[in-house]
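If you want the building blocks of each chain, they are given just below.
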Amino acid sequence: MSSPPIPVEEPISRTEGSQSPVIVFEDVSIAFQGKQVLDGISFRLPRGETKAIFGVAGSGKSTILKMAIGLLKPDAGQIHLLGEEITQKPEEELFELRSKVGIVFQESALFDSLTVRENVAFRLMEKHDLSEEDIEARVREALSFVELEDTIDLYPSELSGGMRRRVAIARAIITHPEVLLYDSPTGGLDPITSTTIIELIIKQRDVYKTSALLVTHRLQDAFIMATHYFDRKANQMRPLPPGEHGEVPMSFLILRDGKVILDGDAAELAHSKDEYIREFIS
Amino acid sequence: MELTSPTEFARETVQSVQEYSSLAARAIAGLFRRPRYFADIVYQADLIGFGSLPIVVLTGLFTGAVLALNSAHTLQRFGSLSLIGQLVSVGMVTELGPVLTGLMVAGRNSSGMASELGSMVVTEQIDAMRALGTDPLKKLVTPRVVSTVFMLFFLTIISDLLGLIGGAIVSTVIFGMDLHQFWSSAWQSLVFQDVFTGLTKPLLFGFIIATVGCYYGLSARGGTQGVGRATTQAVVASSVFILLVDFFATKFLMAIFGYR
Ligand SMILES: Nc1ncnc2c1ncn2[C@@H]1O[C@H](COP(=O)(O)OP(=O)(O)O)[C@@H](O)[C@H]1O
Ligand SMILES: [Mg+2]
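What comes next is a walk through the structure. Remember, it's a predicted structure, so these values are computed and weren't measured experimentally. (Residues numbered from 1 in each chain as written. Chains lettered and ligands numbered in written order. Predicted model: local features only at pLDDT ≥ 70, side-chain atom pairs only at ≥ 80, totals over all residues. Heavy atoms only, no water.)

## Some points on the site of ligand 1
Residues and elements named next belong to chain A. Heads up, the condition is: Put simply, a residue is near a molecule or strand once any heavy atom of it comes within 4 Å of that molecule or strand. Polar contact is the term for a pair of N or O atoms within 3.5 Å; when the atoms are in protein, one must be able to donate a hydrogen and the other to accept it, and sequence-neighboring residues count only if both atoms are side-chain atoms. Per-residue and other accessible areas were derived by the Shrake-Rupley procedure at a 1.4 Å probe size, with only the shown protein chains allowed to occlude residues. Labels follow the DSSP assignment, with helices taken as runs of H or I lasting at least four residues and strands as runs of E lasting at least two, numbered in each case from the N terminus.
Ligand 1 sits among F32, Q33, K35, V37, V56, A57, G58, S59, G60, K61, S62 and T63. One nitrogen or oxygen atom from the main chain of G58 is found 2.7 Å from an oxygen atom belonging to ligand 1. Contacts to ligand 1 include K61, whose backbone N or O atom sits 2.8 Å from an oxygen atom. For ligand 1, the protein covers 65% of the area, taking 560 Å² as the surface of the free molecule. Contributions of two or more residues to the shell around ligand 1 are made by β2 (35-45) and α1 (61-68).

In structure tokens:
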């Protein structure tokens with residue numbers, strides 16, 4: 001796959017306390033219309049790690065991502081984002097914190113009245129402190145990361161599903177956020193496009209060291225992520241030698257009936273005795 | 001349709017009123033906090049103002065004309081046809097101009113806002129906006145409120161003027177009145193109270209149209225169907241709300257000016 005070189009990055013400023021986890025859920029519960037969707041779940045996402053979240057449709061995966069940035073409030077429990085407790089914070093105070101997080105929604109959620117350029121630039125334009133040229137340069141940089149520079153003047157409705165997903169990724173990463181939340185980024189895509197997207201996520205993980213939650217229903221996506229690394233020189237992902245699978249910062253979380261039934265690394269997943277999990281990974 | 005118990009219904013109603021009030025309050029607060037969205041205000045003003053112009057022109061013209069037509073018959077029986085200018089101008093300026101323009105713009109723009117924001121809700125664009133650090137109330141609702149209030153004010157004035165023109169045409173062409181006589185009766189009968197009442201109402205109605213449209217849009221649930229429902233509800237609610245507020249505003253302003 002041919003692609004432009006990765007732009008050289010200035011070091012990204014990180015929030016205080018680099019060692020503390022970026023996201024912590026403590027005993028979080030939420031119900032919709034009397035139906036308990038999440039029932040006391042806890043987990044933590046250490047800095048630099050990517051955690052893949054699995055569960056059947058309707059198990060509350062998207063709900064977890066939305067709660068992580070305060071778009072939804074849990075009924076009970078605590079959520080810490082970048083060291084701050086967010087469940088009690090009013091909306092106005094969350095905007096600042098959210099600027100350090102990028103999210104890719106399940107259906108991309110691009111603004112359909114704006115062009116690709118305006119979608120990707122949205123965050124920068126809202127800040128009102130950059131010149132037009134700077135914004136244009138950043139937009140092109142983000143779009144070249146997802147290899148979609150030539151769509152810059154199109155509207156989202158003129159793009160395919162996979163392209164929309166990639167634009168959504170570009171929009172999420174343009175400010176180089178510390179945390180990325182991906183909601184089923186490969187859902188409904190063909191295998192080849194899916195692999196392209198997974199490669200982008202691996203690139204983000206290994207090149208920018210971004211922490212991430214990755215919701216997916218495809219176990220093979222997560223396995224690719226656990227067994228590949230991004231080779232900057234070749235600008236593509238490469239399989240890790242078999243002995244080094246534990247080397248990538250990758251963990252897995254499985255939801256069932258509103259509870260976390262597994263939260264661990266690839267080895268823990270592979271050696272789990274739980275029948276549901278065995279069936280899941282087979 | 002699902003049956004809900006009276007207490008449940010009351011609870012939901014109270015909650016809706018609370019949510020609506022908080023939206024209206026935050027839309028106003030958005031005016032005073034940065035960032036301000038001038039480009040969005042201008043864009044909306046164009047959409048609401050110029051988009052509604054043809055319908056407002058037609059409504060104004062025909063309302064004035066039919067008002068003259070109807071009242072002329074009654075006035076003729078009492079031999080006081082010369083009062084027709086006064087009747088048309090007071091009727092248009094205090095009541096029909098503001099209310100009919102309000103209802104027209106409600107039909108056009110309240111529904112438009114509800115469907116636009118509703119689609120943004122069900123496709124998660126509103127969540128995306130919040131996630132990108134922008135307050136949808138400030139970015140979407142405040143500009144719509146500002147432009148609707150501003151544009152409805154001028155649309156109402158245009159409608160009033162066209163109503164007078166319609167009335168003048170009917171009075172002169174059909175009833176053979178002197179044009180000069182019509183105009184002087186129309187102008188002289190307008191007192192400050194009438195004009196003040198007539199120009200306060202569009203400010204209230206514009207606020208209602210935008211906030212109700214945005215409220216129903218932002219509370220849309222359940223896919224495309226939900227958006228359709230929100231759209232209809234927005235038109236019905238804003239129209240009813242306009243008529244209610246019209247009555248109370250009229251009563252209130254009369255009390256202030258101390259007549260009747
Ligand atoms: N805003 C909401 N209002 C009502 N129910 C919701 C809402 N969001 C999610 N749900 C319900 O919560 C459950 C979990 O949803 P979701 O998190 O989207 O699941 P997943 O992403 O794992 O498929 C579903 O049953 C869904 O119907
Ligand atoms: Mg989902």
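The discussion continues.
## Regarding the coordination of the magnesium ion (ligand 2)
Residues and elements named next belong to chain A. Where we set the bar: Because no water is among the atoms considered, metal sites can look incomplete, with donors defined as N, O and S atoms within 2.8 Å of the metal, or 3.2 Å for Na, K and Ca. Burial classification: accessible surface area is computed with a 1.4 Å probe over protein chains only, and a residue below 20% of its type maximum counts as buried, one above 50% as exposed, and the rest as partly exposed.
Looking at the magnesium ion (ligand 2), the protein donor atoms are S62 (OG) and Q106 (OE1), and they sit 2.0 to 2.3 Å from it. Of this pair, S62 sits in helix α1 while Q106 sits in the loop between β6 (101-104) and α3 (116-127), and the two are 44 residues apart along the sequence. Residue classification places Q106 among the partly exposed residues on the basis of a relative accessible area of 31%.

## As for the packing of helix α5 (residues 136-174) of chain B against helix α7 (residues 192-218) of chain B
All names here are of chain B. The line we're drawing: Angles shown run from 0 to 180 degrees and are taken between the N-to-C directions of axes, each axis being a line fitted to C-alpha atoms and, for helices, limited to the stretch in contact. For any pair of crossing helices, the crossing counts as left-handed if the nearer helix is rotated counterclockwise from the farther one by less than a right angle, and right-handed if it is rotated clockwise. Contact definition: two residues touch when any of their heavy atoms are within 4.5 Å. Residue polarity follows a fixed list, in which Ala, Val, Leu, Ile, Met, Phe, Trp, Tyr, Cys and Pro are nonpolar, Asp, Glu, Lys and Arg are charged, and the others, Gly among them, are polar.
α7 packs onto α5 with a crossing angle of 150° between their chain directions and a minimal axis gap of 8 Å. In this structure, the crossing between α5 and α7 has a hand that is right-handed. Where α5 abuts α7, its residues L137, V141, R144, V145, T148, V149, L152, F153, T156 and I157 lie against G198, L199, P202, L203, F205, G206, F207, I209, A210, T211, C214 and L218. Of the residues contributing to the contact of α5 with α7, the split by class is 16 nonpolar, 5 polar and 1 charged.

## Observations concerning the pairing of strand β8 (residues 211-215) of chain A
All names here are of chain A. This is how the line gets drawn: Pairing between strands is defined by DSSP: at least two bridges between them are needed. Orient the strands so they point away from the viewer; a crossover is then right-handed if the path from the first strand over the helix to the second runs clockwise.
The buried fraction of β8 is high, at 5 of 5 residues. Every second residue of β8 is oriented toward a common face, with S211, L213 and V215 on one face and A212 and L214 on the other, all of them buried. Inspection of the sheet shows strand β3 (residues 50-54) paired to β8 by 4 bridges, in the parallel sense. Residue pairing for β8: A52 is matched across the bridge by L214. Of the strand pairs in this sheet, strand β7 (residues 179-183) and β8 are connected by 5 bridges, and their pairing is parallel. Paired with L181 across the two strands is L213, which belongs to β8. Read as a crossover between parallel neighbours, the route from β7 over helix α6 (residues 191-208) to β8 is right-handed.

## Description of the pattern of salt bridges
Residues and elements named next belong to chain A. The cut-off we apply is this: The rule for a salt bridge is simple: a side-chain nitrogen of Lys or Arg has to be within 4 Å of a carboxyl oxygen of Asp or Glu.
Inspection of every chain in the model, using the stated rule, returns 26 salt bridges over all chains. In this structure, R117 and E136 form a salt bridge, with 2.9 Å as the shortest nitrogen-oxygen distance. Residue R117 is found in helix α3, and its partner E136 is found in helix α4 (residues 132-145); the two are separated by 19 residues along the sequence. Salt-bridge contacts for R218 lead to D221; the nearest nitrogen and oxygen are separated by 2.8 Å. Among the residues examined, R218 registers a relative accessible area of 17% and is labelled buried.

## Observations regarding unusual backbone geometry
Residues and elements named next belong to chain A. Not every positive phi belongs to a glycine, and Q33 is a case in point at roughly 45°. Looking at where Q33 falls in the secondary structure, it is placed in the loop between β1 (23-32) and β2. Of note in this structure, K209 is not a glycine but carries a positive phi near 55°. You can see K209 is positioned in the loop between α6 and β8.

## Things to note about the sheet that holds β3(A)
Residues and elements named next belong to chain A. Ordered by their spatial adjacency, 6 strands build an open sheet running β6-β7-β8-β3-β11-β12, and the pairing between neighbours is mixed. The open sheet has two edge strands, β6 and β12 (259-264), and neither has a second partner. Neighbouring strand axes in the sheet, compared pairwise and without regard to direction, differ in orientation by 15° on average. Relative to β7, β6 runs parallel, the two being bridged by 4 bridges. Bridge pairing in β7 links I103 to L181. Contacting β6 and β7, helix α5 (residues 161-173) crosses the sheet at an angle of about 170° to β6.

## Overview of the sheet that holds β1(A)
Residues and elements named next belong to chain A. Read across the sheet, 4 strands follow the order β2-β1-β4-β5 without closing on themselves; strand pairing throughout is antiparallel. Pairing within the sheet leaves two strands with one partner each, and these edge strands are β2 and β5 (84-85). In this structure, β1 lies alongside strand β4 (residues 76-81), joined through 5 bridges in antiparallel fashion. Paired with S29 across the bridge in β4 is A76. Along the sheet, α1 makes contact with β1, β2 and β4, crossing β1 at roughly 120°.

## A look at the pairing of β3(A)
Residue and element names in this part refer to chain A. In terms of residue burial, β3 counts as a mostly covered element, since 5 of its 5 residues are buried. As paired strands, β3 and strand β11 (residues 250-256) are joined by 5 bridges and run parallel to one another. Opposite K51, over in β11, you have S251 as the bridge partner.

This is a description of form; function is not addressed.
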